[in-house]
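# Close look at the chain arrangement
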Amino acid sequence: MDVKAIESLMPELESFVSRYLSHFGRVQNHAHAMTILQGLLAGGDRRNVENMAETIEGGVVRTLQKFIAQAIWSDQDVLAELRQHVCEALGEDDGLLIVDETGFPKKGKQSVGVARQYSGTLGRVDNCQVGVFVSYCSSQGETLIDRRLFLPEQWMVDEQRLAQAGIPSSVIFRSKPELASEMIQQAIIEGVPFQWVCGDSIYGTSPVFVQTVRELGKWYVVETSCDARVWTTKPKLRPVGQTTRQGGRPTKNAKPLKKPRRVDEVVANLPASAWKRMSVAEGSQGPRLYEYAEITVWFSEQSRPTDRRERLLVRRSVGQDSELKYQRSNAPAEIPLKKLAEVGGSRWCIEKNFQSGKGECGLDEYETRGWIGWHHHTCLSMLALLFLTLQKQRLGEKTSRADCSGGPQRTQTPAIYKRLDRGRTRSMEPMANGP
């Protein structure tokens, strides 16, 4: 995209940003927000504040650094407005929330939340920050709508470190599934329309996460591990206070009489007739084909069976080296297997959002170390990503979840342009959230 084409988008960008200006506090902050958004969209070698100030006419380095790291404006309010914007532009009752985390490699020990921890982005344990994100996905498009910074446990016991990073005293340790659960509940409180929730095995094997989604009345299709335990028939429970035949202490809780089996053991006994080949989406080289099997099971959660039966889905890749993926869903029996396969395949939409957010909106290109700076920067990057999503929608480009199913897609190289003129200026109690 050349300079002339970028400049032609300025009216749209100004109109887009005008909706959010009241959430940036002081009037002086309005121009700073516009400058940062232009800088994030501008691309370049690295979108730190210095480079953005140089790229955008009138940008002042120290002023923009303060706007990101110290200025008093609520990223929570901006993202709440973003979610309402997404509801209006992309919202569908059959919408999908996808949860996943992404890593931000860092050097040193000062950046908030940094630690040696596993990052799927890097594919290894390394020194990094990890953010848990939620993406909204519908047939109209997809974009990131919320995020939380994951704070490792070693951070939460170091008061000096917490104070230096500016972490509020109200923030307590939350696991990644707990952070994701908070964001899903927040979406429901704000009226975001969706029916489905997707996530990888970190979330699918978490009793806290799946129980939260069930209690909220939503359906999930989440990955689970091969060693997850299930019963293929509803297990009978030993009543409270009863002993075994061999005697011993009476049970304090009802316990199943029969032990559950590993998922991979159950699947290994499936007959060839149990597998059905189907297409989950159209890819660049034709339909994406997989073989699926389905079993009705009761999952073991904290050594007890789930109250209701669930559907264990097994996806097998087509080819000589077939790979098995396991998913669980609480969707009712009348929902066809093909629908569940399509929903489960849509999980890669959030990978596409991460690629676009980092490649086109500078999601990972920040130099701020503190709590406020991380939340301000990621908020503005998500705002820039929504603008791009709406422009793709306006231009008729494919952004629906059907295009995401089955695997991540490569994003286009971000547009690089030199200078832009600065623009004109259901009832439920919320859980404790992050920043």
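Parameters and conventions
Residues numbered from 1 in each chain as written. Predicted model: local features only at pLDDT ≥ 70, side-chain atom pairs only at ≥ 80, totals over all residues. Heavy atoms only, no water. pLDDT = per-residue confidence, 0-100. Contact = heavy atoms within 4.5 Å. Helix = DSSP H or I, 4+ residues; strand = E, 2+ residues; numbered from the N terminus. Axes fitted to C-alpha atoms, helices over the stretch in contact; angles between N-to-C directions. Parallel < 35°, antiparallel > 145°, perpendicular 65-115°, else oblique. Left-handed = near helix turned anticlockwise from the far one by under 90°. Phe/Tyr/Trp six-rings, centres within 6.5 Å; stacked < 30°, edge-to-face > 60°. Buried < 20%, exposed > 50% of the residue type's maximum accessible area, 1.4 Å probe, protein only. Salt bridge = Lys/Arg side-chain N within 4 Å of Asp/Glu carboxyl O. 1 Å grid on protein atoms, 1.4 Å probe; cavity = no way out; pocket = protein on both sides within 12 Å on 5 of 7 lines; lining within 4 Å. Points joined across faces, edges and corners; volume = space filled by probe spheres on them. Nonpolar A, V, L, I, M, F, W, Y, C, P; charged D, E, K, R; others polar.

### Remarks on the confidence of the model for the protein
The predicted model of the protein has a mean per-residue pLDDT of 86, with 84% of residues at 70 or higher. The low-confidence segment residues 406-435 (pLDDT under 50) makes 91 contacts with residues lying over four places distant or belonging to another chain.

### Quick notes on the environment of I167
Within the secondary structure layout, I167 lies in the loop between α8 (159-165) and α9 (176-189). Considered as a pair, I167 and W371 are 204 residues apart in the sequence and their alpha carbons are 5.7 Å apart. In this structure, I167 is in contact with V112, L151, W155, L162 and W371, ignoring residues within four places of it in sequence.

### So, the packing of helix α6 (residues 75-90) against helix α15 (residues 371-395)
α15 packs onto α6 with a crossing angle of 15° between their chain directions and a minimal axis gap of 10 Å. With respect to their mutual orientation, α6 and α15 come out roughly parallel. Between α6 and α15 lies a crossing of left-handed hand. Contacts between α6 and α15 involve D75, V78, L79, L82, H85, V86, A89 and L90 from the first element and H375, H376, C379, M382, L383, L386, T389, L390 and Q393 from the second.

### Section: the packing of aromatic side chains
Applying the stated criterion across every chain yields a total of twelve aromatic pairs. Judged by centre distance (6.2 Å) and plane angle (90°), the rings of F104 and W374 are edge-to-face. In this pair, F104 sits in strand β1 (residues 96-105) while W374 sits in helix α15, placing the two residues 270 residues apart along the sequence. Of the two residues, F104 and W374, neither departs from the other in class, the shared state being buried.

### Things to note about the pattern of salt bridges
Under the criterion given, the structure shown has 24 salt bridges. Between R148 and D146 there is a salt bridge; the shortest N-O distance is 3.2 Å. Here D146 falls in the buried class, since its relative accessible area comes to 5%. Put simply, R83, D146, R148, R174, E182 and E190 are held in one network by salt bridges that share partners.

### Some points on the layout of surface pockets
Computed from the structure, the second largest pocket encloses a volume of approximately 550 Å³. Lining the second largest pocket we find 20 residues, and of these R214, D307, R308, R309 and E310 sit closest to its centre. Breaking the lining of the second largest pocket down by element, the ones donating at least two residues are α11 (207-215), β12 (286-301), β13 (304-305) and β14 (310-317). Broken down by class, the residue content of the lining of the second largest pocket amounts to five nonpolar, five polar and ten charged.

### Topic: the packing of helix α2 (residues 10-18) against α15
It is at 11 Å that the axes of α2 and α15 come closest, and there the two elements cross at 125°. Taken together, the axes of α2 and α15 are oblique relative to one another. Note on packing geometry: the crossing formed by α2 with α15 is right-handed. Packed against α2, whose contacting residues are E12, L13 and F16, the element α15 presents L383, L386, F387, L390, Q391 and R394 at the interface. Looking at the contact of α2 with α15 residue by residue, the class counts come to six nonpolar, one polar and two charged.

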